Amino acid sequence: MPHIEIGAEKLFEIFGLPVTNTLLMSWIVIGILLIASLFIFRRMSIVPSFLQNILEFFVEGFLKVLEGVFGTREKSEKYFPIVATIFLFVLISNWLGILPGVGSLGFFSAEGGSASGGERIFVPFFRSSASDLNFTLALAIVAVVLVHILGVAAIGAGKHISKFFTFKSPIDFFVGILEFISEIAKMISFSFRLFGNVFAGEVLLVITAFLVPYLIPVPFLMLEIFVGFIQALVFAMLTTVFISIAISHNH
Amino acid sequence: MSELIKNFGVDWKLLLAQAVNFFILLFILKKFAYGPVMKMLRKRKEEIEKGLKFTKEAGEKLGRINEEREEVLKDARGEALTIVREAEGTAKVRKDEIVTDAAKKGESIIMEAKRHIEEEKAKMGEEVYRDAEGLIRSGIARVLGKMSAEERDKELIKEALSELKTAAK
């Protein structure tokens, strides 16, 4: 049976920061996106090339979707960077997690847990970032905090806080408290939704590949490509909706 | 709770690292991807709008120019016609004037010539008389020279008397 670990495995340590295989993976994602954007967006021309045309098509499509939520093109362009970064970060790390070698290249660690009874356990070098709760929780906290910052920036601190703490009427007061609790629930649902999906996908792939190494994992791989896209989209779209609620005056 | 956190491997250092990762990525993409793309999209939109506006304006201008040209041509044609008509009128008037002038001039020239001829004729007549007088005198002198003095005197007296008689009358 393949060993399945919920937490990410530590590879080494830099200045007290434990570098796990998922953290390494997110650095790789950043590196890939940096190189890609340097190569693709450096040579932009007013008459687009084939590649540029495709990219602009996607950007336009994304902006249109955001426009559908925010209502205006101006707002959609304003909040596009945050939403698109969340989307790309999650999407690329999910898809990289499916690549061959991501779960299979690694080393055997001598320091096995007490459960394995001193057995040497396999530690992969790379692991899909979102299969670590640290990644999804960090992203969820960042997203929710950003939502509140943007809300304050758009309608002012007093108005934004009055959405949660108000003494206008007892009903509003309790609704505000519930809203506040739901903000914390948002972080948890954000992080566990993404983590659960990606981690389950990883486990699913490991198990199917272990049971039947050939052909059978292929549909599951396709499913994981789809799930990876959907989860990235869900995370990005939920953030969009939360931003649009936070920057609106009435609640 | 702490057991749960430990099971999931949640570590505040890793949380912070991943959050920092997100902001690094946001910065990178904003600088190298979103910025250029947005700028390009906006620029292209402006260019296209400018182009369309320019085309529309050019079309309108062309239409206006064509209209103006038509009008100018029409005006010019009308003007040309009036000019030609006027010229015809003046030409006719001038022709009449010239013809009458010429006739007058011709007449005056003929008159002058006639007068001249008259004068010349008169002058010539006088000259003829003057010449004739000399000739006659010399002729008479020669004839008288052959006559005897008596006869001559007689003759002269006779003549003088007849002259007197006519003068007395």
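1. Overview of the overall build of chain B
Part 1 of the reasoning: Counting its regular elements, chain B contains three helices and zero strands.
Part 2 of the reasoning: The helix and strand sequence of chain B, counted from the amino end, reads α-α-α.
Part 3 of the reasoning: The C-alpha atoms of chain B give a radius of gyration of 65 Å, which is well past the 15 Å a tight globule of 169 residues would have.
Part 4 of the reasoning: Seen through its C-alpha atoms, chain B measures out along the principal axes to roughly 205 × 35 × 25 Å.
Part 5 of the reasoning: For chain B, the proportion of its 169 residues judged to be buried stands at 11%.
Part 6 of the reasoning: Accessible surface for chain B amounts to roughly 14900 Å². Of this, 62% is attributable to carbon and sulfur atoms.
Part 7 of the reasoning: Charge centroids of chain B, computed over 36 positive and 33 negative side chains, lie 12 Å from each other.

2. Here's the deal with the interface of chain B and chain A
Part 1 of the reasoning: The interface is formed by 32 residues belonging to chain B together with 45 residues belonging to chain A.
Part 2 of the reasoning: Summed over both partners, the interface of chain B with chain A buries about 3500 Å², with 78% contributed by carbon and sulfur atoms.
Part 3 of the reasoning: For the chain B face of the interface with chain A, the top three residues by lost area are Phe8, Gln18 and Phe22 of chain B, together amounting to 20%.
Part 4 of the reasoning: Remark: the boundary between chain B and chain A carries two salt bridges.
Part 5 of the reasoning: When the shortest N-O distance is used, the salt bridge between Arg44 of chain B and Glu56 of chain A registers 2.7 Å.
Part 6 of the reasoning: For the side of chain B that touches chain A, the secondary structure elements donating two or more residues are α1 (2–8) and α2 (12–146) of chain B.
Part 7 of the reasoning: It is α2 of chain B that contributes the most residues to the side of chain B that touches chain A, 27 residues altogether.

3. What about the confidence of the model for chain A?
Part 1 of the reasoning: Per-residue confidence for chain A averages 84 on the pLDDT scale, and 95% of its residues sit at or above 70.
Part 2 of the reasoning: Mean pLDDT values for the elements of chain A range from 75 in strand β3 (residues 106–109) of chain A up to 91 in helix α7 (residues 217–246) of chain A.

4. Digging into a nonpolar patch on the surface
Residue and element names in this part refer to chain A.
Part 1 of the reasoning: There is a patch of nonpolar side chains on the surface, built from Phe210, Leu211, Val212, Tyr214, Leu215, Ile216, Val218 and Met222 and spanning about 880 Å² of accessible area.
Part 2 of the reasoning: Breaking the nonpolar patch down by element, the ones donating at least two residues are α6 (170–211) and α7.
Part 3 of the reasoning: Within the secondary structure layout, Val212 lies in the loop between α6 and α7.
Part 4 of the reasoning: Since its relative accessible area comes to 36%, Val212 is described here as partly exposed.

What counts, and where the lines are drawn
- Residues numbered from 1 in each chain as written.
- Chains lettered and ligands numbered in written order.
- Predicted model: local features only at pLDDT ≥ 70, side-chain atom pairs only at ≥ 80, totals over all residues.
- Heavy atoms only, no water.
- Helix = DSSP H or I, 4+ residues; strand = E, 2+ residues; numbered from the N terminus.
- Rg over C-alpha atoms; globule rule 2.2 N^0.38 Å.
- Buried < 20%, exposed > 50% of the residue type's maximum accessible area, 1.4 Å probe, protein only.
- Areas by Shrake-Rupley, 256 points an atom, 1.4 Å probe, with all protein chains shown as cover.
- Lys, Arg positive; Asp, Glu negative; His and termini not counted.
- Charge placed at Lys NZ, Arg CZ, Asp CG, Glu CD.
- Contact = heavy atoms within 4.5 Å.
- Buried area = accessible area lost by both parts, 1.4 Å probe.
- Salt bridge = Lys/Arg side-chain N within 4 Å of Asp/Glu carboxyl O.
- pLDDT = per-residue confidence, 0-100.
- Patch = residues over 30% accessible without salt bridge, like charges linked within 9 Å, V, L, I, M, F, W, Y side chains within 5 Å.

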